[in-house]
Structure formats: C-alpha cells, structure tokens
There are 4 protein chains.
Amino acid sequence: MDEVRRRGRPRDAGRDKAILDATRSALLRDGYAGLSMEKIATAAGVGKPTVYRRWPSKAALVGDAVLDSFLSDAPDALNPDRPPAEQLTGWYQAYATAAAEPCNAAMILALTAAASESPRDARSLYEQHSRAQHEAVVDCLRAGVQSGDFRSDADLNAVASALIGSVLYQLLTQTDTAVVVRTGNLLDILLAGLRAFGR
Amino acid sequence: MDEVRRRGRPRDAGRDKAILDATRSALLRDGYAGLSMEKIATAAGVGKPTVYRRWPSKAALVGDAVLDSFLSDAPDALNPDRPPAEQLTGWYQAYATAAAEPCNAAMILALTAAASESPRDARSLYEQHSRAQHEAVVDCLRAGVQSGDFRSDADLNAVASALIGSVLYQLLTQTDTAVVVRTGNLLDILLAGLRAFGR
Amino acid sequence: MDEVRRRGRPRDAGRDKAILDATRSALLRDGYAGLSMEKIATAAGVGKPTVYRRWPSKAALVGDAVLDSFLSDAPDALNPDRPPAEQLTGWYQAYATAAAEPCNAAMILALTAAASESPRDARSLYEQHSRAQHEAVVDCLRAGVQSGDFRSDADLNAVASALIGSVLYQLLTQTDTAVVVRTGNLLDILLAGLRAFGR
Amino acid sequence: MDEVRRRGRPRDAGRDKAILDATRSALLRDGYAGLSMEKIATAAGVGKPTVYRRWPSKAALVGDAVLDSFLSDAPDALNPDRPPAEQLTGWYQAYATAAAEPCNAAMILALTAAASESPRDARSLYEQHSRAQHEAVVDCLRAGVQSGDFRSDADLNAVASALIGSVLYQLLTQTDTAVVVRTGNLLDILLAGLRAFGR
DNA sequence: GAGTAACCGAGACGGTACGTCATGTCTTAAT
DNA sequence: ATTAAGACATGACGTACCGTCTCGGTTACTC
C-alpha cells in the first residue's frame, strides 16, 4: 500500500498547475506555433529543467494542458435515463457549443497541431482525448441498437467519427468559430438513417 | 490580354517546381514538424531568399506543395451521368482510398498541422484545399434534392462536412492509415437518412 | 594618340558623379561599416551592375570617392616662394584643420578602414592618397636641406611620416575630432631637431 | 571581499580563451574583412550564442583578442634607471620591431580596421590599446623635462603621437612590413628638437 | 537609316553571414 | 533530490548584401 518514498526533496505539485496554466494561456495568446518551452517556463516562474522533468515534449505538455481544461466532462451530457436519440441530441449540442468557444477551440486546434505535426509520438495523444467522447457516443448508439431503435448492421464507429470529425473539420476550415455551433440537422439525418437504412 | 511585363530578370519557373518537390519529399520523410526552410532550400539546390521570395511562410509553402500534388483531381470521381447516390458512393470510396495512401496521408496531415498551428494566416489555406471536394459533394447532393431523391430540408453542408471530417478524424486518431479506407457504411446511413428523415 | 573608341553606347559620365556622391553621403551617415553597394546604387538611382562596371570593389569605390572630395588640393598650401619652415607650418595647419572637419575625418577613416580591412588590394589605395601629401612635404624638406636650413643626414621620409601619421593617430584615438587641430608644437620640435640634431 | 555569486551555471572561462585564439588565427589567415562570427565560433568549437553572450560585436571581440596577445608588455622596454633618451631609443626600437612582425602587424591592422570602420563604438577601443604605450612614453618624456634634458614647453602628447602614429602610418602604406622597422632617425630628430627648440 | 554593341534600370539568383531564438542537456548554489 | 538560474552546442529563423546573371529597353556609333 505504501508508495515507495523517493529520497530527497519531493516535487512541488503546485508547479504542475502553474506550468499547465501558463501553457494554456500561451496557447490562447499565440497558438501552437507560437508556443515555446522557454516562454512557458518563464511565465510559470519555473526553470526549464523543471518542465522537462515532468513532460518529455511539447506535445505531451500540450496534451495534458488540454486534457485537464476541457473534454473531460463533456460525456456527462449523456443522460442514460433518456432514450438514445435524445441523449445524443443533448450531447451533440453541448459538444459543438463547447468546441465553438474560442478558448476551447484554441485547445482543440493545439491538440490537432500536436497530433498532425508528428504523427508518430503524438497521434495516440489526440486519440486519448477523443476516446472518451467517442466511446460514450458508441455506447449510447449501441444501447439504441439493443433497444431496437437503430439497425443492428450499422457501423457505430463510423457514425461517431462523423459527428466528432464534422466539428473538427469545421474548426479547421471556418475562420468564425461561432459557425461550428450550427451543426445543422446532421444528427437528425444520421438518426433517421440509423433507423431506416437498408430497408 | 498581354500581361504587363514586370521589369528585371523574370523568375525561373523551374525553381518553383524544385522547391515544391523538395518540400513534398521532406514532408514524407520527416513530417511537418521536421520541416525546415533551410533544408528545403538546400535540397532544392536553391538559396534561402529564393524560397522566401515566393512563399512568405512555411504554412503557405506547404499549402502550395500539397495543392499541386493531390486532391485537385479527386472530384473527377463524381460522374454526373449517374444517380447522385451512386456518384457519392464512387467518390467517397476514391477519396478515402486516396487519403489512406501514406503519401497522401502525410500531405493531409501536413496541411492540418499548418492550418491548426497558426489559425490566423493558415486557416483559409486548408479551406482552399477542401473547398473543391466540399463543393462538388454539395452540388451532387443538391442534384439529389432537385431530383426528389433527397429531402429538401436537409443541411447539405453538414452532410459534406461529416463525410470529409470523418476521414480527417480517422487520419488523426488512427496510427494505421489503412483503417481509413474502411469508411464503414457511413455513407449508406447518411443516404438513408437523406431520403427518410422527418417522415 | 587616339584612344580606342569602344563600340556601342558610351558610358554616361553623370552616373559616376551620382555614385561617388551617394558613396560620400552614405559614408558620412553610416561610416564604412554601414556601407553597402546595394544602398549606394539605390541612393544614386542606378543599377548594381552599373556600379560594378566602374569599380571592382567597395574599397576601390571608396578610394575614388574620397580622392575627388579632399586631399587633392591640400599640397597647394605649400607656397614655394617662402622659406621651407614657413611653408611647412602653413601646410600642417591647413592639413590638420581639414582633417578635423567631421566630413573630412569620415573620409579619412573610411580610407583607413578600406586599407586596413584588406591589406592586399587596398593598401596601395591608401598610399595613393597620402603620396601627394607625403611627397610634397618631402620635397619641401629637401629644399630646406639644400638651402642649408636642415641637416643633410635627416631621414626626410621619417619626418613626413611622423607629421601625417600623428594626425591619423589622433583621428583614430580621439572621439572629439576637434582635438586633431591642436597639433601642439610638434612641427616646431621637428624643425628644431632638423636644424640641430647630431651637433 | 567575497563577490556575490551569480546564480546559474557559471561561464566556462576556457571558452573565452578558445574564442580569442580562434579570432587571432582567423585574423592572421584572412584579415579583418574575412572575419566572421560564424567561422570563429565553429573554429573555437563553440556555439554562436556563446560568442555573442561575451562580446557584443566583432569590433569588441577583435579588441580583446588583440589586447591579450600583444602590446601589453611593450612598455616594459622602458627601463627607468637609464636616461630618458636612452629609454626611448630602446623602446622605439622594440616597438617598431614588434609592429613589423607579420603576426603583430595583422593585429594592429585589425584593430585599426575595427576602430575606423565604426568610430562610434570602436574608437575608444583603439585608444584603450595605445594608451598604455602612449602614457609610458609621455611619462618618460616628462621625466626628461624634469631632469632638465628636454624643454619644458614641449607638447609631450604630440611627440608621443608622432612616434606611434608614424609606425601606424607605415603599416598602412607599406606593403612590406619589414620597412616599418627602419624608423630612420626620427627619434633622434625629435630628441634633438626637444633639447634645442626655441633657443 | 538600319544594325548592332554597349549601356541602363530592375531584379532574380546561389551564396554567406548576420544576430536572435528555441531546443534539450548540463552545471551550479540553494532549499 | 529538487529547485531557479542560466551556460552550453546545436541548428533554424528571416533579413541583408554579396557579386553575377538575365531581362526589356535605350543610346549612339558604324556600316
């Protein structure tokens, strides 16, 4: 049960927070391209080695910075007591609205930049963040299948990818992040298709 | 018709090609993060100022490099003589297959990195590349609406975004690009929804 | 006797003047270090090749620019009708005064920079400019020797070098060019020595 | 007495030496014009920022490089136990001989180039180097005045300037540095003048 | 008066160096 | 052992000039 007590001075957990905060505000101000470990360390009132001791790379740091700011609570919008279609409607509205907020949009773009910049070590990072959303949506869809609402031969992963990917695509191509909120009736079309297709 | 001849020695068009080629192979080898104007110039057998004279930034250069390598001919898969649903099926297959090729995947990721890294000057860049695809798909859908195949109150932009965004999302989250090809039956679901929803 | 007439359009002599003027004002403004062929050409309203067609290097251009602005008339202060000592007194006063003028000081420093920067091709350049002064002084001293005013075993070149070199040394070491004018009684001491030494 | 220990990793004094050595050999090989911070850093096995951290400009670096190689011990030739005239004779011989050595000549020319290139920030630099020589000579002359050997109304600074300036002038105008050694009988003339003039 | 050769401006070109910035590692003294 | 500070080698950044070249266009001699 006892953790192995490392010898010497223990790490100050407060530094973690300071670094992550500095990372987020730098991300908001300058975007991913304008980020630098140097500026983050200075802004956090911390030495560079302290940053490197905790995160091995810029991508990992950005990953953690984004992780504890957003997306972690989004699946909560899925209320398991309602019918799947209603659950998804509520969730997609909440998800798109959150993504359209400039502050969150910057985080998602940063994550995208980190992932696309160096696919090798960063792709899993992006996936780690979307997985929570993705799996929640698939679970909900699966419930719909089991209740007979949706066809059983539908590729639920593909549907979830379409919903999340659509928002991402809008963020990348629209200058005005407000547009992202208007998801149109995409979900309605998908739900109709899930009930009807193949017939 | 005669363009006004700019004074001074005209630019050598061959350099453009050499630089774009060097950019593409560097992108394939090292990804967007490993790119450097310095190495591109050297690989192209060209001085750095020659690069900067033509492209103001790495993002702009990557944009053009990707533009003239791929995606320009993809909309050709839409054959206007067939019914819209068939057209879309053929196109989506072709699009996903092309995007899954490692070479093209690298280009799309590079574009995504450029656009997400510095939204300000680069977002239009990404949009410029997807616009051709996007508009072709929307046109095809619109034809379906006019022929009575699809419901008239569907948000066609949302559907197109779902198709393209889904592929993009897969590229970012899947380590194995081959997975992208399997678009599942997303298009079938959407088509069914387009015919049925609201009824 | 006839110069070989070069065929084709003859050079426009007006450009020479424009280039030399531009060189001099650039020299006054920025010093030798701030000089660039590029800026000179632009300031003179002339293309770079026009400059290179006439002067092979920055040093050569600076040489000519200094030459036709100053120093060419300084030996005139030596009036051959007066006794050598008086001649030299008048000349040294004129020389030091001219050298102390900020405009002339800048030219001399430029010449010194050109000569010291690349001894190989530029040393003769400096020598070409001081030769007129140097020889005039030596001639004057020689007249004093022949008239019996000065000892015949004096090294006249050494005396001339001391006079000119002293001014140069002051220019290099004194921030305040006005100081250069005060040559003290160096010439008096030298003249006394020329009459007396060895006795 | 204890200096306040600056925080952080202290500078490695060995780098200073390596950089100064590299500067001197580059100066000998290519002259001041051929100097580049880039090559110096490479030759010293040092990064460019390490050079710029210690010297703000090429001129300052050259100044220090010359300073600790030469001229610092030259005044030693003045032996205070001998009569001033003998002291000066010995010193001038040593000084001219040292200046004529190709290695030292290159250093003096580099210093001259640095000082004349950008008078603003570099003139004091040259002065700093010649001051030791200059003051030693003036002190020696003053001793001669006090002992009654030299006239009391002589401008001693002017005499020192003539001696040092004469050598400098020769270095700039003579291609053959060996010539510099032959200072002629300039010092004899000056000494005679210092004893006799005005009488 | 038609060639034509050298001139002219502008500016592209391959280079080289500039001086700055960020990277990730290290060394130090202090906690 | 961790901390902040900061030196360090490396290497890319974007800019400025270098000296050469290639353009379209202009002169002014020569045939």
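Residues numbered from 1 in each chain as written. Chains lettered and ligands numbered in written order. Predicted model: local features only at pLDDT ≥ 70, side-chain atom pairs only at ≥ 80, totals over all residues. Heavy atoms only, no water.

## Quick look at the interface of chain A and chain B
Counted only if it meets this: By definition in these notes, contact holds between two residues if any of their heavy atoms fall within 4.5 Å. One side-chain nitrogen of Lys or Arg within 4 Å of one carboxyl oxygen of Asp or Glu is enough to make a salt bridge. Whenever two N or O atoms come within 3.5 Å, that pair is a polar contact, provided that in protein one can donate a hydrogen and the other can accept it, and provided that, for residues adjacent in sequence, both atoms are side-chain atoms. Here a strand is any run of E in DSSP of at least two residues, a helix any run of H or I of at least four, and the numbering for each starts at the N terminus.
On the side of chain B, 50 residues touch chain A, which itself brings 49 residues to the contact. Taken together, the connections running from chain A to chain B amount to zero salt bridges. At the junction of chain A with chain B, the criterion picks out 14 residue pairs in polar contact (both at pLDDT 80 or more). At the level of elements, α6 (102-117), α7 (119-146), α8 (156-173) and α9 (186-196) of chain A are the ones that each hand at least two residues to the side of chain A that touches chain B. Top contributing element to the side of chain A that touches chain B by residue count: α8(A), with 13 residues.

## Concerning α6(A)
Two residues of an α-helix separated by three or four positions point the same way, owing to the 3.6 residues in each turn. We apply this condition: A helix's residues, less one, multiplied by 1.5 Å, set its expected span. Only protein chains enter the accessibility calculation, which uses a 1.4 Å probe. A residue is then buried if its area is under 20% of the maximum for its type, exposed if over 50%, and partly exposed in between.
Relative to the 22 Å expected for 16 residues at 1.5 Å per residue, α6(A) spans 22 Å between its end C-alpha atoms, a close match to the ideal helical length. Judged by how many residues are buried, α6(A) sits mostly within the fold: 14 of 16 residues are covered.

## Quick notes on the packing of aromatic side chains
Our working rule: Two aromatic rings from Phe, Tyr or Trp, using only the six-membered ring of Trp, form a pair when their centres are within 6.5 Å; if the ring planes differ by under 30 degrees the pair is stacked, by over 60 it is edge-to-face, and anything between is tilted.
One pass over the full model with this rule turns up eight aromatic pairs over all chains. With 5.2 Å between their ring centres and 15° between their planes, A:Trp91 and A:Tyr95 make a pair best called stacked. Residue A:Trp91 and its partner A:Tyr95 are both found in helix α5 (residues 84-100); the two are separated by four residues, about one turn of the helix. Like A:Tyr95, A:Trp91 is buried. Ring plane angle 25° and centroid distance 5.5 Å describe the contact between C:Trp91 and C:Tyr92, whose orientation is recorded as stacked. Per residue, the accessibility class of C:Trp91 equals that of C:Tyr92, and both read buried.

## Quick notes on the protein's contact with DNA strand E
Going by this rule: When we say a residue is near a molecule or strand, we mean one of its heavy atoms is within 4 Å of it.
Lining the immediate environment of DNA strand E, one finds 49 residues, of which A:Glu38, A:Tyr52, B:Arg54, C:Arg54 and D:Tyr52 sit closest. Expressed as a percentage, the sugar and phosphate content of the atoms of DNA strand E within 4 Å of the protein is 63%. One of the side-chain nitrogen or oxygen atoms of B:Arg15 is found 3.0 Å away from a phosphate oxygen of DNA strand E. Between a phosphate oxygen of DNA strand E and a side-chain N or O atom of C:Thr50, the distance comes to 2.8 Å. The set of elements that each furnish at least two residues to the surface near DNA strand E consists of α2 (37-43) and α3 (48-54) of chain A, α3 (48-54) of chain B, α3 (48-54) of chain C together with α2 (37-44) and α3 (48-54) of chain D.

## Here's the deal with the environment of D:Ser116
Positionally, D:Ser116 belongs in helix α6 (residues 102-117). For the pair D:Ser116 and D:Tyr126, spaced ten residues apart in sequence, the C-alpha separation works out to 9.1 Å. The residues touching D:Ser116, leaving out its near neighbours within four places in the chain, are C:Leu109, C:Thr112, C:Ala113, C:Ser116 and C:Leu172. A polar atom in the side chain of D:Ser116 sits 2.7 Å from the backbone oxygen of D:Thr112. Among the polar contacts made by the side chain of D:Ser116, one reaches the main-chain carbonyl oxygen of D:Ala113 at a distance of 3.3 Å.

## Some remarks on the relation of the copies chain A and chain B
Note the cut-off: In this comparison the copies share one frame, found by least squares on the C-alpha atoms of residues holding pLDDT of at least 70 in both.
Note on the identical chains: chain A maps onto chain B by a rotation of 179° and an axial translation of 0.1 Å, with an RMSD of 0.2 Å. The transformation just described matches what one would write down for a two-fold rotation axis. No C-alpha of chain A lies nearer the rotation axis than that of A:Gly193, which sits 1.7 Å from it. Looking at chain A, 100% of its interface residues are interface residues in chain B too, so the copies touch through the same face.

## Some words on the interface of chain C and chain D
Interfaces are frequently sized by the accessible area removed from exposure as the parts join. Short version of the rule: Joining two parts hides part of their accessible area as seen by a 1.4 Å probe, and the buried area is that hidden amount summed over both. As a working rule, the residues Ala, Val, Leu, Ile, Met, Phe, Trp, Tyr, Cys and Pro are called nonpolar, Asp, Glu, Lys and Arg charged, and the rest polar, with Gly in that last group.
Residue-level contacts link 49 residues of chain C with 50 residues of chain D. Taken together, the two surfaces of chain C and chain D that pack against each other cover about 3700 Å², and 68% of this comes from carbon and sulfur. Along the contact surface separating chain C from chain D lie zero salt bridges. For the pair chain C and chain D, the number of links is 15 residue pairs in polar contact (both at pLDDT 80 or more). Of all the elements in the fold, those that place two or more residues in the side of chain C that touches chain D are α6 (102-117), α7 (119-146), α8 (156-173) and α9 (186-196) of chain C. Sort the elements by how many residues they give to the side of chain C that touches chain D and α8(C) lands first, with 13 residues. Looking at the side of chain C that touches chain D residue by residue, the class counts come to 23 nonpolar, 18 polar and eight charged.

## Notes on the nonpolar core
The test is simple: Nonpolar cores were defined as sets of buried Ala, Val, Leu, Ile, Met, Phe, Trp, Tyr and Cys residues, with membership established by side-chain atoms within 4.5 Å.
If you look at the biggest cluster of nonpolar residues, it comprises 130 residues, and the most contacted ones within it are C:Tyr32, C:Leu163 and D:Leu163. Look past the residues within four positions of D:Leu163 in its chain and what remains in contact with it is D:Trp91, D:Tyr92, D:Val137, D:Leu186, D:Leu187 and D:Leu190.

## Focus: the domain arrangement of chain A
Residue and element names in this part refer to chain A. So the rule is basically this: These domain boundaries are the output of an automatic or database domain assignment.
Along its sequence, chain A is carved into domain 1 (3-54) and domain 2 (71-194). Contact with domain 1, which involves four residues of that partner, is made by eight residues of domain 2. Summed over both sides, the interface of domain 1 with domain 2 buries roughly 500 Å², with 84% coming from carbon and sulfur. Contact with domain 2 buries area across many residues of domain 1, yet Leu27, Leu28 and Tyr32 alone supply 90% of it, more than any other trio. Across the domain 1-domain 2 interface, the total number found is zero residue pairs in polar contact (both at pLDDT 80 or more). In the side of domain 1 that touches domain 2, the residues fall into three nonpolar, no polar and one charged.

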